[in-house]
Amino acid sequence: MNHDYKKFALPGARPQYMPDKPGNVEHIALIVGLDLEAKSLTGTCRIRLRVIDEGVRTLRLDAVEMSISTVSVDGTGITFVHDGKQLTLELAQVPVADQVLEIAIQYQVEKPRRGIYFTGPTSEYPDKPIQVWTQGEDEDSRFWFPCFDYPGQLATSEMIVTVPEGYQTVSNGILTNIETGDGRKTFHWRQGKVHPCYLITLVVAELSEIQDHWEDIATPYYVTPGREAEAQRSLGKTPQMVAFFSEKFGVRYPFAQYAQVVVQDFIFGGMENTSATTLTDRCLLSESAAKEVRWPEDLVSHELVHQWFGDLVVIKHWSHAWLKEGAATYSETIWREHEFGAEDAAYFFYQTANAYIEEDSSRYRRPIVTNIYKEPIELYDRHLYEKGACVYQMLRHYLGDPAFFRTLKTFLTDNAHSTVETIDLLRAIEKATGRNMLPLFEQYVFKGGHPDFHVTYAWDSETSLAKVTVKQTQTVDDLTVLFNLNIGLAFGFANALDPKIFTIRFQEKEQTICFPFAEKPLYFSFDPGNHILKTLELAVPVENLKNQLKSDPDLIGRILAAKALAKQLTPAVANDLKAILGDESVFWGLRVEIAQVLGNAKIDYAFQALREVIGVQDPQVRRAVTQALAEDRTTETFACLKILLDDESDFVSADAARALGKSRHSEVFDLLAPRLESRDSWNETVRGAIVAALATIKDDTRTADLILAKTVRGTVQSLRLAAIRALGVAGEGGENQKVLDALSAIVQETQFSIRMATISALESLKSTKALPFLGQIATDDPDGRVQRSALEASERLRGTIAQDKEFKTLRESIETLQTENRSLKSRLEVLEASMRKD
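Quick summary incoming for the structure in this document. (Residues numbered from 1 in each chain as written. Predicted model: local features only at pLDDT ≥ 70, side-chain atom pairs only at ≥ 80, totals over all residues. Heavy atoms only, no water.)

A word on the overall build of the chain
Point 1. A count of helical and extended segments in the chain gives 25 helices and 33 strands.
Point 2. In terms of overall dimensions, the chain is globule-like: its C-alpha atoms have a radius of gyration of 30 Å, near the 28 Å expected for 838 residues.
Point 3. In terms of overall dimensions, the chain has C-alpha extents of about 110 × 70 × 55 Å along its principal axes.
Point 4. A total of 838 residues make up the chain; the buried ones form 56% of that total.
Point 5. Within the chain, residue pairs in contact and separated by at least 24 positions form 69% of the contacts whose partners lie at least 6 positions apart.
Point 6. In the chain, 92 side chains carry a positive charge and 117 a negative one; their mean positions are 4 Å apart. (Helix = DSSP H or I, 4+ residues; strand = E, 2+ residues; numbered from the N terminus. Rg over C-alpha atoms; globule rule 2.2 N^0.38 Å. Buried < 20%, exposed > 50% of the residue type's maximum accessible area, 1.4 Å probe, protein only. Contact = heavy atoms within 4.5 Å. Lys, Arg positive; Asp, Glu negative; His and termini not counted. Charge placed at Lys NZ, Arg CZ, Asp CG, Glu CD.)

Listed below in structure tokens is the structure:
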């Protein structure tokens, strides 16, 4: 596969390094009071700093968009300069090395844009509860308290926070004291183990506490009153997870307690603050959603594992964040393996790898470890999470389970309560196993990309040889190498339960290997177990693929066989695939993949096979069938989708609505519009799909008005976000003034989720009129994720517009040629007629 990859680094990106360290921060104490109505914070930040540099005369702290009143060192006021971003302290006396300085900074924050977030009722949302929550990662703690805001500084901390009575607080560590007086409460929290300032947290809200525990470790859940059942349903496996990972990593859960607090409008899925994770309220499951939705469980396991990888062992610099994010992401697979079985875990990991591959092929390619960026948050992508997880999976494969988990224990034990870089994981591997895994890291971590394999298999009956040719088709350049890897080749035989596996080193652009066998293999598999991060294109005879689909014990081998068969699709092959698709005893993930390949074939007999199994019992498979039928616009499929629109599964209904939107059938508006008002579902799953489907109906003026009505403030947030995204599709071309006016107003809103939905809508307009709005967001928004999304959307939009112009020019050229041809034909006919007269 050859790609012209986009660059990761944005204009203005430069190498980023950890700043000089004048001293070690030993303790941070925040004494703060909150004014919930004014959305302000007044406080004192006390920092105990042990000096390293004996010649230091000034100290520079990060303190963004706050007012500084006074600064003292060891009780004596000092001169300071605050430029709105950095606070420079002029020390009255030059300290000596190892001297301890007690710094106290009085400050105030009003209507902050980052770091600490105040939410509550408005005229449009009068029932919205008042909540305050913080979010430090990457470098946002500097927006709510002065600090040395980089991960290389570790300190103990305490939080003394005063709030109105009736409100509860959650922070790091243990609640040691509560004092009440004058209608206010003061909570005192202490975190006794060192951690970086980006993991310091504070939540203030009216909360219901659900008590739980593992051994002597409290594991409470905090949630808005009235949502206790949803919290128990979504978070209730936490004690089992704490037990499981404590045993798996060989290191007991390392902090005094593990709290989880669920908040509204959170700008991430979750955040692993030390001993007190913050979670989005989108993860709270209804009773019906819990039957189908597993991502909240993945989220809970991910954030919990960060207590080891990220909190116990802390990254020294953001460029090494894959160590924690890759470990937490891979641990989702480890938990699924434990809880749901090997096939579920294998399929989940297959999807994890594909998520990275999609970003690599469509967005950009980069090394996992890079220090070239504008803001650290840009690194938090699928290279960091999903590709990082794949590196952990490859380590597990090459080392074997005992050595792999022994390595994790060594890494955690040797680096507990300290900072690490990638080299420290390599050292732990060598110490625990004697293995040098630097060659693997050089290829996958410090370089970009992965191998693209094209594999051909054939059996020579005359010589009784199985011939395998393996080509690496990726472009080899400064970013991506020619890979050098040991990979298994498996051959299955008729009377053997398990295949014969041979490990071969592949290091050339093309290699051919011949294997002599006494009998013809039933099937062949490349990389059985799917251990190696790669793309794979198979050129294998249909007979072998059919045998593999039937007999290979490896799930991913069967999935890849089904995909390869679909490229050689015939009515007979489609029938074979349909039989598996309709078999309820077959693992659901394989059936989902078969539905997808049949839909992608876009052939009548494939669609017919899909229609014949729309009644499958497993809702995940039924969803896949519904999604696959979206590519067929026949009346037969339309009739099936009408039935699925009222399926007992909200997710099947949602996919049926989207599919109906693509059908262009005259009945679609009348089918969907009434359900936009009547169909309730978890997180507005169905209504969100309906507005997306309505947006694709271009020839009905009523659709834009319906969607516009759902974009107004006061609409349930999840539905409003879906409507904003749909608005761009409905207004494609930029000619609908109502749509433009609505988007121009929404652009002014600064809430994170609204901004991201607006960027999507503006790109979908496919109009130059969207570009100034995207430029405004990229310039004004303080969040690096929003900035980058707006810039990338602008770039893609310009490309789309240019392609449309090229297409228009090409179409005009064709039309001109057609006109000229007609004119020429006419002249020839006249000439021929004239010649006949002569």
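Now that the structure is up, let's keep going.
Observations regarding the sheet that holds strand S30 (residues 500-506)
Hydrogen bonds between backbone atoms are what pair the strands of a sheet, whose relative direction is either parallel or antiparallel.
Point 1. Spatially, 3 strands are ordered S30-S29-S32 in an open sheet, and the strand pairing comes out antiparallel. Every interior strand has two partners, whereas the edge strands, S30 and strand S32 (523-526), have only one. Neighbour-to-neighbour, the strand axes of this sheet turn through a mean angle of 20°, independent of strand direction.
Point 2. Relative to S32, strand S29 (residues 485-492) is paired through 4 bridges, and the arrangement is antiparallel. Residue pairing across strands places Leu 489 opposite Phe 526, the latter belonging to S32. (Pairing = 2+ DSSP bridges. Axes fitted to C-alpha atoms, helices over the stretch in contact; angles between N-to-C directions.)

Points about the environment of Asn 600
Point 1. Take Asn 600: it is sitting in helix H13 (residues 588-601).
Point 2. Along the chain, Asn 600 and Phe 502 lie 98 residues apart, while their C-alpha atoms are 34 Å from each other.

Things to note about the packing of aromatic side chains
For any two aromatic rings, the description comes down to two numbers: the centre-to-centre distance and the angle of the planes.
Point 1. Across all of its chains, the model carries 42 aromatic pairs by this definition.
Point 2. With 5.0 Å between their ring centres and 5° between their planes, Tyr 457 and Phe 524 make a pair best called stacked. Pair noted here: Tyr 457 is in strand S27 (residues 452-460) and Phe 524 is in strand S32, with a separation of 67 residues, a long-range link.
Point 3. Assessed through its relative accessible area of 2%, Phe 524 is described here as buried.
Point 4. A centroid spacing of 5.1 Å and a plane angle of 70° characterise the contact between Phe 493 and Phe 517, whose relative ring orientation is edge-to-face. Of the two residues, Phe 493 sits in the loop between S29 and S30 while Phe 517 sits in the loop between strand S31 (510-516) and S32, which places them 24 residues apart along the sequence. (Phe/Tyr/Trp six-rings, centres within 6.5 Å; stacked < 30°, edge-to-face > 60°.)

Focus on the nonpolar core
Point 1. With 213 residues, the main nonpolar core has Phe 245, Trp 308, Phe 309, Trp 322, Tyr 392, Phe 441 and Phe 491 as its most contacted residues.
Point 2. Contact partners of Phe 309, with chain neighbours within four places excluded, come to Phe 249, Leu 323, Lys 324, Ala 327, Tyr 392, Leu 408, Phe 411 and Leu 412.
Point 3. Counting residues in each nonpolar core, the second largest holds 47 residues, with Ile 28, Cys 45, Leu 89 and Leu 202 among its members. (Core = buried A, V, L, I, M, F, W, Y, C linked by side-chain atoms within 4.5 Å.)

Quick notes on the environment of Ser 141
Point 1. Here Ser 141 lies in the loop between strand S11 (131-134) and strand S12 (155-164).
Point 2. On the basis of relative accessibility, which here comes to 0%, the residue Ser 141 falls in the buried class.
Point 3. Each C-alpha atom of the pair Ser 141 and Leu 312 lies 19 Å from the other, and the pair is 171 residues apart in sequence.
Point 4. Every residue in contact with Ser 141, bar those within four places of it in the chain, is listed here: Gly 136, Cys 147, Asp 149, Cys 197 and Tyr 198.

As for the sheet that holds strand S33 (residues 535-539)
Point 1. The 4 strands are arranged S31-S28-S27-S33 in an open sheet whose pairing can be described as mixed. If you trace the sheet from one side to the other, it starts and ends with S31 and S33, each paired once. Adjacent strand axes in the sheet meet at a mean angle of 20°, parallel and antiparallel pairs treated alike.

A short note on the pattern of salt bridges
For side chains bearing opposite charge, pairing can occur when the charged atoms are close.
Point 1. Here the structure, examined in full by the defined rule, presents 65 salt bridges.
Point 2. For Asp 414, the salt bridge is made with Lys 431, and the minimal N-O distance between the two is 2.8 Å. Of this pair, Asp 414 sits in helix H7 (residues 401-414) while Lys 431 sits in helix H8 (residues 422-433), placing them 17 residues apart in sequence.
Point 3. You can call Asp 414 partly exposed: its relative accessible area is 42%.
Point 4. Using a relative accessible area of 59% as the deciding quantity, one classes Lys 431 as exposed.
Point 5. A salt bridge links Glu 631 to Lys 602, with the nearest nitrogen and oxygen atoms 3.8 Å apart. One end of the pair, Glu 631, is in the loop between helix H15 (619-629) and helix H16 (635-644); the other, Lys 602, is in the loop between H13 and helix H14 (604-611), with 29 residues separating them in the sequence.
Point 6. On the basis of relative accessible area, Glu 631 is assigned to the partly exposed category, the value being 34%.
Point 7. Members of the salt-bridge network, linked through shared partners, are Glu 359, Arg 363, Glu 378, Glu 763, Arg 788, Glu 792 and Arg 796. (Salt bridge = Lys/Arg side-chain N within 4 Å of Asp/Glu carboxyl O.)

Points about H14
Point 1. All of the buried residues in H14 are Ala 606, Phe 607, Ala 609, Leu 610 and Arg 611.
Point 2. Packed against the buried residues of H14 are helix H12 (571-581), H13, H15 and H16.

Notes on the side chain of Asp 138
Point 1. By the element assignment, Asp 138 lies in the loop between S11 and S12.
Point 2. Despite being buried, Asp 138 has no salt bridge partner; Arg 114 is the closest side chain of opposite charge, sitting 4.1 Å away.
Point 3. Side-chain polar atoms of Asp 138 contact the backbone nitrogen of Ile 377, separated by 2.8 Å.
Point 4. Those residues in contact with Asp 138 that sit more than four places away from it in its chain are Arg 114, Asp 149, Tyr 198, Trp 318, Glu 375, Pro 376 and Ile 377. (Polar contact = N/O pair within 3.5 Å; in protein donor to acceptor, adjacent residues only side chain to side chain.)

A few points about the side chain of Thr 685
Point 1. Looking at the element boundaries, Thr 685 is found in helix H19 (residues 685-695).
Point 2. Excluding residues within four positions of it along the chain, Thr 685 makes contact with Asp 650, Phe 651 and Ala 654.

Side note on unusual backbone geometry
Point 1. Cis geometry marks the peptide bond from Glu 137 to Asp 138, where omega comes out at 5°.
Point 2. Of note, Glu 684 is a non-glycine position whose phi angle comes to about 55°, a positive value.
Point 3. Inspection of the secondary structure puts Glu 684 in the loop between helix H18 (668-678) and H19.

By themselves, these observations are geometric and do not establish any function.
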